[in-house]
Amino acid sequence: MGMEYSEREVDILVVGGGTAGPMAAIRAKETNPRLNVMLIEKANVKRSGAISMGMDGLNNAVIPGHATPEQYVREITIANDGIVNQQAILAYASNSFQMIQRLDKWGVKFEKDETGEFAVKKVHHLGNYVLPMPEGHNVKKILYRLLKKNRVDVTNRYKVTRVAVGKNHRVSGVMAVDTRTAEIVFIKAKSVIICTGAAGRLGLPSSGYLFGTYENPTNAGDGYAMAYHAGAELSGIECFQINPLIKDYNGPACAYVTGPLGGYTANAHGERFIECDYWSGQMMLEFFRELEGGNGPVFLKVNHLAEETISTIENILHTNERPSRGRFHKGRGTNYRDDMIEMHISEIGLCSGHSASGIWVNERAETTIPGLYAAGDVACVPHNYMLGAFVYGEIAGLEAVKYCEDMRGEETDKEFMVRESERILRPLKRKSGITPYQAEYKIRRLVNDYLQPPKVTRKMELGLRRFSEVRDDLEGLWADGPHNLLRAMEVHDILDCAEMAAVSSLYRTESRWGLYHYRVDYPEKDDDWLCHVQLYKDGEGRMVCKKIPVEPYIFEPDAGEIQAYERLRIVTKDMV
Amino acid sequence: MATASMSVKVPVSVDADKCIASKGCTVCVDVCPLDVLVIDMNNGVALMQYDECWYCTPCEVDCPTHALTVDIPYLVK
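Quick caveat, the model's predicted, so the values are computed rather than measured.

Conventions adopted
Residues numbered from 1 in each chain as written. Chains lettered and ligands numbered in written order. Predicted model: local features only at pLDDT ≥ 70, side-chain atom pairs only at ≥ 80, totals over all residues. Heavy atoms only, no water. Helix = DSSP H or I, 4+ residues; strand = E, 2+ residues; numbered from the N terminus. Buried < 20%, exposed > 50% of the residue type's maximum accessible area, 1.4 Å probe, protein only. Contact = heavy atoms within 4.5 Å. Areas by Shrake-Rupley, 256 points an atom, 1.4 Å probe, with all protein chains shown as cover. Lys, Arg positive; Asp, Glu negative; His and termini not counted. Charge placed at Lys NZ, Arg CZ, Asp CG, Glu CD. Axes fitted to C-alpha atoms, helices over the stretch in contact; angles between N-to-C directions. Parallel < 35°, antiparallel > 145°, perpendicular 65-115°, else oblique. Left-handed = near helix turned anticlockwise from the far one by under 90°. Nonpolar A, V, L, I, M, F, W, Y, C, P; charged D, E, K, R; others polar. Expected span 1.5 Å × (residues − 1). Pairing = 2+ DSSP bridges. Core = buried A, V, L, I, M, F, W, Y, C linked by side-chain atoms within 4.5 Å. Domains from an automatic or database assignment. Buried area = accessible area lost by both parts, 1.4 Å probe. Salt bridge = Lys/Arg side-chain N within 4 Å of Asp/Glu carboxyl O.

Secondary structure summary: chain B contains two helices and four strands in total. Along the three orthogonal principal directions, the C-alpha set of chain B runs to about 40 × 30 × 20 Å. The 77 residues of chain B split such that 47% are buried. Taking as baseline every contact in chain B between residues at least 6 positions apart, the subset at least 24 positions apart corresponds to 54%. Put simply, chain B shows about 4,200 Å² of open surface, and 54% of that area lies on carbon and sulfur atoms. Distance between charge centroids for chain B: 9 Å, based on 4 positive and 10 negative side chains.

Written out as C-alpha cells, the structure reads:
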C-alpha cells in the first residue's frame with residue numbers, strides 16, 4: 001500500500017483554536033518567536049469554539065478588593081465536593097487578575113464603574129467573582145489579530161484524530177485529516193497542547209436535534225478520545241456536566257447575567273426555591289427535584305423587574321454568546337416583560353469548565369505524557385470557565401516553550417501512521433453503509449437512556465453492552481465525502497466518551513456532586529471516595545479506572561463553609 | 001446495503017439578489033463552525049448543504065451584504 005499521508009514538522013502544535021488554544025499559541029510565540037508554532041483547528045479560528053460569538057461575562061474573576069486566590073480556592077474546593085487538586089486551582093486563581101488586565105489591555109471590554117474599576121457582582125454562594133462583559137462580542141476578533149501579529153501558523157479545517165507517542169513515551173506529533181479534501185497529514189511536533197473543548201455532543205438534546213446542544217457542537221469530545229488513546233490519564237469523568245437551560249433552545253438563560261440585576265430561578269408558582277444560582281451539582285439536584293416534583297416546571301423570572309433593567313438584560317443576552325436567544329423567544333411569543341422563561345435540564349456532557357471531567361493536568365498544565373499539555377474545558381481543572389481556559393492556555397503555552405527549547409523531536413513509528421491513515425479512510429472506501437448521522441443519533445439516544453442521572457448500576461451496565469454492539473456496527477460506517485468523513489471520525493470520539501462516562505460512573509460506588517453523580521444504588525456520599533478517579537487505557541487496551549488520593553489541601557475550608565453547598569434549598573415553613 | 005436520502009427544511013436562508021458569492025465572496029462558508037455552507041457553483045449563491053446548525057449566527061453577522069438569515073431549526077423552535 002502506498003503512502004496515503006504527507007508529513008510536516010513544527011515545534012509546538014496547539015490543537016483547537018477556540019479559547020485556550022489561541023492564548024497558548026500567542027503566549028508561546030510572544031515568549032520565543034523563533035519557535036514554529038502551529039494552531040490547528042477543526043472549524044475556522046475566526047469563529048470557533050465556545051466563544052464563537054463572544055461571552056457575556058467572567059464567572060470566576062479573582063480581583064483584588066473583591067476576592068483573594070485563597071478564598072476562591074476554598075469556594076471551588078467546596079463547590080466540587082472536596083475533589084480538587086488545590087495546587088491547580090491556585091495556579092488559576094493567582095493568575096486570574098493579570099489575565100484580566102492582559103485581556104483589558106488587548107481591547108476586550110469588561111464592565112467598569114464610574115471610577116474605572118471593574119464592576120464585580122455576586123453570584124457564587126460565598127465570594128464575589130462575576131464580572132459582566134456587556135460588550136464581550138469581540139473576543140475572537142482580538143485573539144485572531146494577535147495570532148496574525150505574532151505569526152502563528154493558523155491551519156483551519158483539519159480534524160486531529162490521534163496523538164502519537166514515541167518510543168521514549170514522549171509525545172511525537174498528531175495525525176490529522178483535511179475536512180474538505182480528506183487529505184491526511186502527520187504533523188511531527190516536540191510538544192502538543194490539547195485545547196479541544198468539551199464533549200458537547202454526548203447526550204441527545206430533548207428536541208432531538210443533534211446539533212441543538214448546549215456546547216458548540218463542533219466540540220464532540222475529540223480531545224478526550226485522543227488523550228485516552230495516547231495513554232494519558234483522565235479524571236473526574238463521572239462528574240458530568242448538566243446545566244439549567246432555556247428549554248428546547250438549550251442555551252443559558254442566563255442566571256449569571258440576570259441574577260445581579262434581580263432575576264432568579266423560580267418554580268411554577270413564581271417562587272424562589274434555591275438560594276444561589278451558581279451552577280453546581282448540588283444546585284442541579286434541587287433543580288431536578290423541583291422539575292420532577294409537583295412544583296415544576298422551572299422558570300427564569302425577570303418579569304417583576306423595571307423596563308430599564310429588562311432592556312439591559314435583553315441587550316446583553318441577545319448580542320453575546322448565544323445571540324439567537326432573542327429570535328427564539330420571539331418565535332414563541334415570549335416577552336421578558338410579561339412571561340417567565342421555561343427552563344429545563346440539559347443533556348449530559350463532559351466539560352471541566354463547568355464541572356470537572358477532563359484530561360488530568362497539574363498546575364503546569366502537564367498531562368501524564370511528557371510533552372503533552374491540555375487546557376480549557378478539556379483539562380481537569382474544575383469550574384474553570386472561560387477565564388480559566390485563558391489562564392491555563394497561557395500556562396500550557398509557556399511550559400511547552402520551556403519543554404521544547406532544549407530537546408529534539410521524538411520519532412514516530414511508521415506503522416502507527418499507516419494504521420491510522422487506513423482507519424481514517426475506511427468509511428470513504430465503502431460504497432454504502434450506516435451513515436454518521438444514524439450512528440451518532442443512536443449512540444446519543446443510548447446515552448440518554450442509560451447514563452442520564454439519576455444513575456442506575458444495571459442501566460449503566462446495559463448501556464456499556466449497547467455501546468459495544470454499536471462499536472461493532474461502526475465497522476460498517478460509510479462516508480460519501482470529506483464532510484461526512486469528519487462526522488464519521490467524530491462518531492468514534494462520541495462513542496469513546498460515552499464508554500468513559502459509563503465506566504467511570506460505575507467505578508465510583510457512592511453519590512457525589514449532587515445530580516452530576518447521583519447513584520440511586522449508592523445514594524450517600526462516602527468518605528472512602530474522597531479521591532480522584534483516574535481513567536486510562538491499560539497495557540491490554542482495556543478501559544480501566546484507579547483511585548488516587550486528593551493532594552493535601554493548601555487551604556482547609558472551614559466547617560461552616562463545607563456545608564454551604566449542601567444547603568441550597570430555601571427553607572420553607574413546611575420543611576421545618 | 002441500500003440507503004435513502006431525506007429532505008428537511010434548513011434554518012439558513014440566502015437572499016440570492018444580495019449574495020455576492022459569484023464575485024468570489026466566501027465569508028459565510030469560511031466562518032461557519034460546523035462547515036454546513038457551500039457555494040452553489042451553478043448559480044453563484046451560498047447554500048446550506050447540511051442540516052447541522054447551532055443557530056450561532058456568525059454567517060449572518062459577518063456577511064458583508066446582509067444576504068443570510070438564520071432561523072431557529074424547526075425541531076428546536
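There is more to say after this.
Residues and elements named next belong to chain A. Closest axis-to-axis distance for the helix α1 (residues 20-31)/helix α10 (residues 385-405) pair is 7 Å, and the angle between their directions is 40°. With respect to each other, α1 and α10 are oriented oblique. Where α1 crosses over α10, the handedness of that crossing is right-handed. In this structure, α1 uses Ala-20, Met-23, Ala-24, Arg-27, Ala-28 and Thr-31 to contact α10, whose residues at the interface are Ala-389, Phe-390, Gly-393, Glu-394, Gly-397, Leu-398 and Val-401.

So, about the packing of helix α5 (residues 222-230) of chain A against helix α14 (residues 482-507) of chain A. Residues and elements named next belong to chain A. Two elements in contact, α5 and α14, have axes whose closest approach is 8 Å; the angle formed by their N-to-C orientations is 75°. With respect to α14, the element α5 is oriented roughly perpendicular. On the side of α5, the interface is formed by Asp-222, Tyr-224, Ala-225, Tyr-228 and His-229, while α14 contributes Asp-493, Asp-496, Cys-497 and Met-500. Counted by class, the contact of α5 with α14 contains five nonpolar, one polar and three charged residues.

The next point concerns α1 of chain A. Residues and elements named next belong to chain A. The end-to-end C-alpha distance of α1 is 16 Å, a good match for the 16 Å that 12 residues give at a rise of 1.5 Å each. Among the 12 residues of α1, 10 are classified as buried, and the element is accordingly described as predominantly covered. Buried residues of α1: Ala-20, Gly-21, Pro-22, Met-23, Ala-24, Ala-25, Ile-26, Arg-27, Ala-28 and Lys-29, and no others. Buried-residue contacts for α1 involve β1 (5-15), β2 (37-40), α3 (86-106), α4 (139-149), β8 (184-194) and α10.

Within a sheet, adjacent strands bond to each other through the backbone by hydrogen bonds, running parallel or antiparallel. Residues and elements named next belong to chain A. The antiparallel open sheet is built from four strands, whose spatial order is β14-β9-β16-β17. This sheet does not close on itself; its edge strands, each paired only once, are β14 (358-359) and β17 (543-549). Here strand β9 (residues 234-235) runs beside strand β16 (residues 531-537); their pairing, made up of two bridges, is antiparallel. Across the sheet, the residue bridging to Leu-234 is Leu-535, located in β16. Along the sheet, α5 makes contact with β9, β14, β16 and β17, crossing β16 at roughly 75°. Taken strand by strand, α14 contacts β9, β16 and β17, and its axis lies near 50° from that of β17.

It is characteristic of soluble globular proteins that their nonpolar side chains tend to be buried jointly. With 209 residues, the main nonpolar core has Ile-12, Leu-13, Ile-194 and Tyr-392 of chain A together with Leu-37 of chain B as its most contacted residues. If one sorts the elements of this core by residue count, α10 of chain A sits on top with 13 residues. Two domains each donate at least three residues to this core, and these are domain 1 (244-345) and domain 2 (425-549) of chain A. When near neighbours in sequence (up to four residues on either side) are disregarded, Ile-194 of chain A contacts Val-15, Val-163, Gly-223, Met-226, Ala-227, Ile-359, Leu-372, Tyr-373, Ala-374, Ala-375 and Val-378 of chain A. Residues Tyr-5, Ile-184, Phe-416 and Ile-424 of chain A belong to the second largest nonpolar core, which totals 14 residues.

What follows concerns the domain arrangement of chain A. Residues and elements named next belong to chain A. By the assigned domains, chain A splits into domain 1 (244-345) and domain 2 (425-549). Just the C-alpha atoms count here: the centres of domain 1 and domain 2 sit 31 Å apart. Taking both partners together, domain 1 and domain 2 bury about 570 Å²; carbon and sulfur atoms supply 78% of that area. For domain 1, the biggest contributors to the area lost against domain 2 are Gly-281, Leu-285 and Phe-288; these three give 60% of the whole. Counting the contacts that link domain 1 with domain 2 gives zero salt bridges.

Attention now moves to the sheet that holds strand β10 (residues 244-246) of chain A. Residue and element names in this part refer to chain A. If you walk across this open sheet you meet the four strands as β10-β13-β12-β11, and the pairing is antiparallel. Unpaired on one side and paired on the other, β10 and β11 (264-266) mark the two borders of the sheet. For this sheet, the mean angle separating the axes of adjacent strands, direction not counted, is 40°. As paired elements, β10 and strand β13 (residues 341-345) share three bridges and run antiparallel to each other. Bridging from a neighbouring strand, Pro-244 pairs with Ile-345 of β13. Helix-sheet contacts for helix α7 (residues 281-292) involve β10, β11, β12 (298-301) and β13, and the interaxial angle to β13 is about 115°.

Residues and elements named next belong to chain A. Tracing the sequence through the fold places Lys-46 in the loop between β2 and β3 (57-58). For the pair Lys-46 and Ala-220, spaced 174 residues apart in the sequence, the C-alpha separation amounts to 19 Å. Once you skip the residues sitting within four places of it in the chain, Lys-46 turns out to touch Lys-140 and Tyr-144.

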